[in-house]
Amino acid sequence: MRAIENWINGKTVPGTSGRQLPVWDPATGEQQAYVVAATAAETDAAVATALAAYPGWRAQSLSRRAEVMFRFRELVDANRKEIASLVSAEHGKTVADAEGEVARGLENIEFATGAPHLLKGGYSEQASNGVDVYSIRQPLGVVAGITPFNFPAMVPMWMFANALVCGNTFVLKPSEKDPSVSLLLADLLHQAGLPDGVFNVVQGDVEAVEALIAHPDVQALSFVGSTPVAKSIYQRGTAAGKRVQALGGAKNHMVVLPDADIAAAADAAVSAGYGSAGERCMAISVVVAVGGSADPLVAAIQERIGRIAVGPATDPSAEMGPLISREHRDKVAAYLDHDGVEIVVDGRDAPIARGPGFFLGASLVDKVPTDSPLYTDEIFGPVLSVVRVGTYDEALRLVNANEFGNGCAIFTRDGGAARQFQYDAVCGMVGVNVPVPVPVAYYSFGGWKSSLFGDLHMYGPDGIQFYTRGKVVTSRWPDPATSEVDLGFPKVR
Ligand code: NAD
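Residue positions within a chain follow its written sequence, with the count starting from 1. Residue-level local features of this predicted model are given only where pLDDT is at least 70; pairs of side-chain atoms are given and counted only at 80 or more, and the full residue set underlies all totals for whole chains, interfaces and linings.

Caption draft 1: Looking closely at the domain arrangement of the protein. What counts as a domain boundary in this text is fixed by an automatic or database domain assignment. Domain boundaries in the protein define domain 1 (2-248 + 451-473) and domain 2 (252-432). Between the C-alpha centres of domain 1 and domain 2 the distance comes to 31 Å. In this complex, domain 1 contributes 17 residues to the contact, which on the side of domain 2 involves 22 residues. Helix and strand definitions here come from DSSP, where helices need a minimum of 4 consecutive H or I residues and strands a minimum of 2 consecutive E residues; each element is numbered from the N-terminal end. Elements represented by at least two residues in the side of domain 1 that touches domain 2 include exactly α3 (80-91) and α4 (95-112). A per-class count over the side of domain 1 that touches domain 2 returns six nonpolar, eight polar and three charged. Note that contacts rest on C-beta atoms placed from the backbone: two residues are in contact if these are within 7 Å. Under the convention adopted here, Pro, Cys and the residues Ala, Val, Leu, Ile, Met, Phe, Trp and Tyr are nonpolar, Asp, Glu, Lys and Arg are charged, and Gly plus all remaining residues are polar.

Set out below in structure tokens:
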């Protein structure tokens, strides 16, 4: 059985704990490899390696750091297929979906190549007599990333591309469920010329994460995962004096107004609800059908579900793959057992759901009460709930009262209604006739409410801010002849 190792100081290093965590093939239900969970001591050693590499990397010129990112961009581009197939093999998503993940990750590398421009400071000449004031941004030191299973290539790239180009060194703790791609990315960074020790990977679970939270040399933590863990890491990381951005779960609503193009809205709901088997933090999980949109919309979604090809990533015709684990598949399926809901399509009936892989067909549930766990929980699977309301105001109240505020979307032909929704929605990312409004890499990604703990969103301009701290220099080069003692508070006028 293949053991998945750590990446420390430019090479793979076997884990020593003997504590094995299985890596499944979700399409067959068989174990294909294992991770040896890193101990606190191994995690501390990775931080020490990153700390030792920091002064040298920070001292490299901006152009040199950007050049490494340019080379890395070329390597990721050239290896798209290999990266995507590794993602598919351990996560289970289709190869086309995995290629999309790589493409969106690549955008973040491209953004990071612009660091020389992004790190420019300001300069004020003659702020006072003979005094100039200027601002610079400096890296933090060793920073760490803790990432979820659902985007094992893209989410690490959200973090480390900006962190590295800003001059930090990095320790990644990827999801233990699909860890192999982290080593491929580490190898590509190495090939791109990144000095040894600048990027390190520790495999494992909570033990490694606890060690990162506790380590005094880790200056910042970026986390993406479920809300309870995000909240805990934010609270304990900040209490330990670290900078933390912790992105959590979601329950993304798609509001469909009666004037919407119903066919387009149904296409969008099906794509965003069942793509990646619903295991996306930006998946649509609730369709809020306003007024007369409900009946035709439910019928149109039902009709489309019948055409979704569910299968393994090795089948090129498959559009939706399995879930990440047997436990997760069973947990998702159990939501369909709740009383008082109207199941329009039951994914448990799909023949593939009875096989050994972790498959579940797409499910559609109508007239979901807002106190049902189907509505209140983040299910993270291919289950789409429909809530029927009478007015735009009722739809908005649902969006805004929800615990989560990651993404939300409105489907309408009315520009005024869409603009009002953009203004009203208490949610970090809004789509107008776009169901999955993941911002391009030159904006930043982040939700509100229980979808993000911290101040700065991830990647884009916020990412540059997060991984650097500001310094302002007040400088004077006086004529020595003019020097004098003055105990007054410095004035500029
Ligand atoms: P998870 O919270 O179980 O795990 C995320 C990471 O935290 C993993 O590396 C895991 O090993 C580690 N971890 C798990 N439990 C921990 C604990 N108790 N203490 C410390 N570390 C722990 O999440 P997941 O199941 O891998 O991913 C799915 C979740 O991630 C969903 O809730 C989804 O919405 C969320 N997510 C959010 C975003 C976003 O941008 N907001 C993006 C992707 C995924």
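Text resumes after the structure shown.
Caption draft 2: Up close: α3. Multiplying 1.5 Å by the helix residue count minus one yields the expected span of that helix. A rise of 1.5 Å per residue sets the reference length of α3, with its twelve residues, at 16 Å; its end C-alpha atoms lie 16 Å apart and thus fit the reference within 8%. Residues with at least 20 neighbouring C-beta atoms inside 10 Å of their own are called buried, those with 12 or fewer are called exposed, and the rest are partly exposed, where every C-beta is derived from the backbone. Those residues of α3 that fall on the buried side of the exposure criterion are Ile83, Ala84, Leu86, Val87, Ser88, Ala89, Glu90 and His91. Immediately beyond the C-terminal end of α3, within one or two residues, lies Gly92, with a positive phi of roughly 105°.

Caption draft 3: Quick peek at the UniProt feature "domain: Aldehyde dehydrogenase" (unreviewed entry) in the protein. The sites that carry the UniProt feature "domain: Aldehyde dehydrogenase" (unreviewed entry) are, in the present numbering, residues 16-473. In the segment residues 16-473, helix accounts for 40% and strand for 22%; the C-alpha atoms at its two ends are 47 Å apart. UniProt positions are given in the numbering used here, feature names are shortened, and annotations may be inferred rather than shown by experiment.

Caption draft 4: Summary view of the sheet that holds strand β4 (residues 20-25). At least two bridges found by DSSP between two strands is the condition for calling them paired. Pairing is mixed in the open sheet, where three strands are placed in the order β1-β5-β4. Because the sheet does not close on itself, it has two edges, and the strands there are β1 (2-4) and β4. Put simply, the sheet's adjacent strands are angled 40° from each other on average, direction ignored. Direction of pairing for β1 relative to strand β5 (residues 30-36): parallel, over a ladder of three bridges. Counted as the bridge partner of Arg2 is Ala33 from β5. Simply put, an axis is a line fit to the C-alpha atoms, just over the touching stretch for a helix, and the angle between two N-to-C directions goes from 0 to 180 degrees.

Caption draft 5: Quick peek at the site of the ligand. Placing the C-beta atom from the backbone, one calls a residue near a molecule or strand if that atom lies within 6 Å of it. Taken together, 26 residues surround the ligand, and among them Pro148, Gly225, Ser226, Gly249 and Cys281 come closest. The class makeup of the residues in the shell around the ligand is twelve nonpolar, ten polar and four charged. Residue-level mapping places the shell around the ligand at the junction of two domains, with at least three residues from each of domain 1 (2-248 + 451-473) and domain 2 (252-432).

Caption draft 6: Region of the structure containing the nonpolar core. Each nonpolar core reported here comprises buried Ala, Val, Leu, Ile, Met, Phe, Trp, Tyr and Cys residues connected via C-beta atoms within 7 Å. In terms of nonpolar packing, the biggest core is built from 89 residues, with Val143, Ala153, Phe160, Phe170, Val171, Leu212 and Leu221 touching the most fellow members. A per-element tally of this core places helix α6 (residues 154-165) first, with ten residues. With sequence-adjacent residues up to four places away left out, Leu221 is seen in contact with Ala144, Ile146, Leu212, Ile213, Ile233, Gly237, Lys242 and Val244. In terms of nonpolar packing, the next biggest core, distinct from the first, is built from 69 residues, Ala277, Cys281, Ala283 and Ala395 among them.

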